[in-house]
Amino acid sequence: MGEYIIRDMASVFRYLPYGLVVGIVVAIILSAVNDRRVRRHKKPISVAAVTSFFMYTAIILLITFFSRESGSRRGVDLELFSTWGINARNNAYVVENVLLFIPYGFVCAWAIRAARKFWVCAGLGLFSSIAIECLQLATGRGYFQIDDILTNFLGAVLGYILFRCVLSEGRTEPKRAKLVYIILAVLAMAAMILGIFAFSSESAADSNAFSMRAASFVVRTVDQWLHIGLDSGEASTVIQFMNPLLRKLAHASEYAALAVVFGFGYQLMKQRRAKVVNFFYAVILCGFIAVLDEMLQKYVFSRTGRALDIAIDICGAIVGGCVYVFLSELFDFLAGQEE
């Protein structure tokens, strides 16, 4: 199931340029409107919020409606939970429907002031999902499924909760806000560390097979996008070359992301501490996890623990630490807290 989700999520990126075009147009229009509102001494519209809302709405419409041929899919399924449990492909569709509407619930609450109330945001998510299903049914571009409505609604609710945790004006209690951030950071750390050790516990053959599939997907996708025209032999050679590179890049990116989370986690605990200190703490802790991971691979999981992998993981952590420092300074600047 995970392989299907990763592949489908990666395919979504081809719609990003269209969303950016919509966002640029909306931002230009809003800038002109705000200029007029400021001259009339009115409060300007949030360009970032409204632009994000229109961008993501356009991407959703492209994914669920315009990317399909008219008449290619027809049918109505009103049985609840009929999609889940059939096979890994259908289970992936269920998870993807939830993930698709999490950003939508977030940008709804961010861009529409009335949607900062739970029932309004949830109602918008439900209405939008029903509207999409009805359009798909009317044009034959998709099946009308009650499961899709339910999972999209759940995604919108999760997006609203995420907004309340991150950007809500209701977070007036500093201690409560700090506690929410710490809980989210701990959950992110735990999930990433468990993911690293779970991947290490797989057999070498399974791990290599997964990375080969990933390399094959990347090579064939690039070949299709750029119209290179690789034959099977050439594609196989490139995949064999890409396989170890992707494995090492995956290692480094995991630890880079972990270092970013560690950096912000340390910053939450000691807000007045210099960011460079948090940088070193994050890199050192990531290095410790990398050593532990390789030791487990060598002595517990019957795989090969390599010093080279530890060095690659630490390099990824250093890059992630630099990203943390940059983002932290950027957030301080945007919040007007720079010295």
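Higher on the page you've got the structure.
What this report covers is the structure whose coordinates are included nearby. (Residues numbered from 1 in each chain as written. Predicted model: local features only at pLDDT ≥ 70, side-chain atom pairs only at ≥ 80, totals over all residues. Heavy atoms only, no water.)

A word on unusual backbone geometry. In this structure, histidine 41 is a non-glycine residue whose phi angle is positive, near 60 degrees. On the secondary structure map, histidine 41 appears in the loop between α2 (16-39) and α3 (47-66). (Helix = DSSP H or I, 4+ residues; strand = E, 2+ residues; numbered from the N terminus.)

The N-to-C vectors of helix α4 (residues 88-111) and helix α5 (residues 118-139) enclose an angle of 130 degrees; their axes lie 10 Å apart at closest approach. Taken together, the axes of α4 and α5 are oblique relative to one another. Every pair of crossing elements has a handedness; the one defined by α4 and α5 is right-handed. Facing α4, whose interface residues are Phe101, Tyr104, Gly105, Cys108 and Ala109, α5 presents Cys121, Leu124, Gly125, Ser128, Ser129 and Ile132. Looking at the contact of α4 with α5 residue by residue, the class counts come to seven nonpolar, four polar and no charged. (Axes fitted to C-alpha atoms, helices over the stretch in contact; angles between N-to-C directions. Parallel < 35°, antiparallel > 145°, perpendicular 65-115°, else oblique. Left-handed = near helix turned anticlockwise from the far one by under 90°. Contact = heavy atoms within 4.5 Å. Nonpolar A, V, L, I, M, F, W, Y, C, P; charged D, E, K, R; others polar.)

With that settled, consider the pattern of salt bridges. One pass over the full model with this rule turns up one salt bridge. Between aspartate 35 and arginine 39 there is a salt bridge; the shortest N-O distance is 3.0 Å. One end of the pair is aspartate 35 and the other is arginine 39, both in helix α2 and four residues apart, which spans about a single turn. According to the relative accessible area criterion, aspartate 35 is partly exposed, its value standing at 43%. Residue classification places arginine 39 among the exposed residues on the basis of a relative accessible area of 57%. (Salt bridge = Lys/Arg side-chain N within 4 Å of Asp/Glu carboxyl O. Buried < 20%, exposed > 50% of the residue type's maximum accessible area, 1.4 Å probe, protein only.)

Assignment of secondary structure puts asparagine 34 in helix α2. Leaving out residues up to four positions away in the same chain, asparagine 34 has contacts with Pro44, Ile45 and Val47.

This part covers the environment of proline 103. By the secondary structure assignment, proline 103 is in helix α4. Proline 103 sits in the partly exposed class, given a relative accessible area of 30%.

When you line up the elements, valine 107 lands in helix α4. Take valine 107: its relative accessible area is 8%, and that puts it in the buried class. Between the C-alpha atoms of valine 107 and valine 50, which are 57 residues apart in sequence, the distance is 7.9 Å. The contacts of valine 107, once residues within four sequence positions are left out, are Ser52, Phe53, Tyr56 and Ile112.

Keep in mind these values describe shape, not function.
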